[in-house]
Amino acid sequence: MGKKSRKKGKQNETGGSAANTPAPKKTTNSGGGGRKKGWKGLSPVTRFVLMTAILIAAFYLILWNSQNFHDYIVAGITALDAKIASIFLNIFGWETVTIGQQISSDAMTLNVKTGCDGLEAMAIFGAGVVAYTASIKEKIKGVLFGVGSLFVLNIIRVIHLYLCGVYMPRYFEFFHQNFWQVLFILSALILLAIWIGSLNRKATS
């Protein structure tokens, strides 16, 4: 009995010693300075820029290289641009007709081809909207705002190039190849900044 009692006491001593020993502290991300690794470890700005670049690259590699995309989507949009531009030209007295992507009159014939559709600028804007952290509703509103604005700007471009070909043919290539191309890219970036700014104002109001 006495031996049994001493053994029990020893067990109680050991148990008490274990109970009073502090548990080892847990450590996380050892050697990483507490920072997250991988994609989530990047800053929001870096993630936004990279995701936008990835989406733009996907647009060119997948859609822009597809002949079906050019035969149906691009051809359809350029024909629509030509039709709407012709309507506005006729309002101001120009007797134009459209055949597919072509605007014609006695003074000038203009072919609205790939590159005069605004799609590349729309893709840049759309990629930025998708990459940005926002709700689906806000992204849909953003796409409608940006793509709609760029579509209207493209109609203005077609009308301007038509009139430029009539009145200033020597400057046609400059406006066609340089001025409008640069303006469209800048417009896409400015519209994206306006949309992001509106979201930030909503968040802080």
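This text follows the structure it describes.
This is a predicted model, so every value here is computed, not measured.

Caption draft 1: Quick look at the sheet that holds strand S2 (residues 102-104). The strand order across the open sheet built from three strands is S1-S2-S3, with neighbouring strands paired in antiparallel fashion. With one partner strand each, in any of the chains shown, strand S1 (97-99) and strand S3 (109-111) form the two edges of the open sheet. Within the sheet, the average angular offset between the axes of one strand and its neighbour, ignoring direction, is 20°. In the sheet, S1 pairs with S2 via three bridges, with the strands oriented antiparallel. Across the sheet, Val-97 pairs through a bridge with Ser-104, a residue of S2. Lying on the sheet, helix H3 (residues 67-91) is in contact with S1 and S2; it crosses S2 at an angle near 20°.

Caption draft 2: Quick look at helix H2 (residues 44-64). Its 21 residues place the ends of H2 28 Å apart at the C-alpha level, agreeing with the 30 Å of an ideal helix rising 1.5 Å per residue. Those residues of H2 lying buried are Phe-48, Thr-52, Phe-59 and Trp-64. Looking straight down H2, one finds that the buried residues subtend no more than 60° of arc, so they occupy a single side. Facing away from the buried surface of H2 by more than 90 degrees, the exposed residues are Leu-61 and Ile-62. Residues of H2 that are buried in the fold lie against H3, helix H4 (119-131) and helix H6 (172-204).

Caption draft 3: Structural view of the nonpolar core. By size, the foremost hydrophobic cluster in this structure holds 41 residues, and its most contacted members are Ile-103, Phe-125, Leu-150, Tyr-162, Leu-192 and Trp-195. Listed by contribution, the elements that provide at least two residues to this core are H2, H3, H4, helix H5 (136-167) and H6. Counting residues per element, this core draws most heavily on H6, which supplies ten residues. The contact partners of Trp-195, leaving out residues within four places of it in the chain, are Val-129, Tyr-132, Ala-134, Glu-138, Lys-139, Gly-142 and Phe-145.

Caption draft 4: Quick look at a nonpolar patch on the surface. Judged by side-chain polarity, Phe-145, Val-182, Ile-185, Leu-186, Leu-189, Ile-190 and Ile-194 come together as a nonpolar surface patch covering roughly 610 Å² of accessible area. Here the nonpolar patch takes six residues from H6, the largest share from any one element. For Val-182, the location among the structural elements is in helix H6.

Caption draft 5: Spotlight on the side chain of Thr-52. Position of Thr-52 among the secondary structure elements: in helix H2. Since its relative accessible area comes to 12%, Thr-52 is described here as buried.

Caption draft 6: Here's a closer look at the environment of Thr-78. Mapped onto the fold, Thr-78 is located in helix H3. Note: C-alpha distance between Thr-78 and Val-158 (80 residues apart in sequence) is 9.8 Å. The contact partners of Thr-78, leaving out residues within four places of it in the chain, are Gln-101, Val-112, Lys-113 and Asp-117.

Caption draft 7: Representation of the packing of H4 against H6 within the structure. Where H4 contacts H6, the axes come no closer than 8 Å and their chain directions differ by 25°. As far as their axial angle goes, H6 and H4 are roughly parallel. Between H4 and H6 lies a crossing whose hand is right-handed. For the pair formed by H4 and H6, the contact residues are Ala-121, Ile-124, Phe-125, Gly-128 and Val-129 on the first element and Phe-184, Ile-185, Ala-188, Leu-189, Leu-191, Leu-192 and Trp-195 on the second. Tallied by class, the residues present in the contact of H4 with H6 amount to eleven nonpolar, one polar and no charged.

The rules behind each value
- Residues numbered from 1 in each chain as written.
- Predicted model: local features only at pLDDT ≥ 70, side-chain atom pairs only at ≥ 80, totals over all residues.
- Heavy atoms only, no water.
- Pairing = 2+ DSSP bridges.
- Helix = DSSP H or I, 4+ residues; strand = E, 2+ residues; numbered from the N terminus.
- Axes fitted to C-alpha atoms, helices over the stretch in contact; angles between N-to-C directions.
- Contact = heavy atoms within 4.5 Å.
- Expected span 1.5 Å × (residues − 1).
- Buried < 20%, exposed > 50% of the residue type's maximum accessible area, 1.4 Å probe, protein only.
- Arc of directions from axis to C-beta.
- Core = buried A, V, L, I, M, F, W, Y, C linked by side-chain atoms within 4.5 Å.
- Patch = residues over 30% accessible without salt bridge, like charges linked within 9 Å, V, L, I, M, F, W, Y side chains within 5 Å.
- Areas by Shrake-Rupley, 256 points an atom, 1.4 Å probe, with all protein chains shown as cover.
- Salt bridge = Lys/Arg side-chain N within 4 Å of Asp/Glu carboxyl O.
- Parallel < 35°, antiparallel > 145°, perpendicular 65-115°, else oblique.
- Left-handed = near helix turned anticlockwise from the far one by under 90°.
- Nonpolar A, V, L, I, M, F, W, Y, C, P; charged D, E, K, R; others polar.

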